[in-house]
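# Coordinate analysis (summary)
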Amino acid sequence: MRTEDTGESAATITPYEDGPLLVRGDFALVTPDGEPIDARRGTVALCRCGKSALKPFCDGTHKAVNFRAGTSRES
């Protein structure tokens, strides 16, 4: 999504190799039912490995479980 005023993205999502998705900017997190999830800040790390005790947030467990994922769409 781009802001109409500046042409810049309202939020950016960056996949970190073998780690979380880092979300920065103006965004909202919601449950599948549409209930808000308090992000508490403008940058959050979202779990990709599925093992975090703090889902949807990353707690670093990806390192302990040796999670592997690249940063490109082909990985």
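Our subject is the structure that appears above.
Described in the following lines is the structure provided in the data block. Values in this document were obtained by computation on a predicted structure and should not be read as measured data.

The next thing to look at is the pairing of strand β1 (residues 11-15). In summary, the side chains of a regular strand alternate between the two faces of the sheet. The pairing of β1 with strand β2 (residues 21-25) spans five bridges and is classified as antiparallel. When the sheet's bridge partners are listed, T12 is paired in β2 with R24. Hairpin connection, β1 to β2: the antiparallel pair is bridged by five residues, and D18 has positive phi, about 60°.

A word on the side chain of H62. Inspection of the secondary structure assignment puts H62 in helix α1 (residues 61-64). Using a relative accessible area of 11% as the deciding quantity, one classes H62 as buried.

Bringing the environment of G42 into the picture now. Relative to the helices and strands, G42 resides in the loop between β4 (36-37) and β5 (43-46). Residue classification places G42 among the partly exposed positions, given a relative accessible area of 39%. G42 sits 16 residues away from D26 along the chain, and the two C-alpha atoms are 6.8 Å apart. In contact with G42, not counting residues within four places along its chain, are V23, R24, G25 and F27.

Thresholds applied
- Residues numbered from 1 in each chain as written.
- Predicted model: local features only at pLDDT ≥ 70, side-chain atom pairs only at ≥ 80, totals over all residues.
- Heavy atoms only, no water.
- Pairing = 2+ DSSP bridges.
- Helix = DSSP H or I, 4+ residues; strand = E, 2+ residues; numbered from the N terminus.
- Buried < 20%, exposed > 50% of the residue type's maximum accessible area, 1.4 Å probe, protein only.
- Contact = heavy atoms within 4.5 Å.

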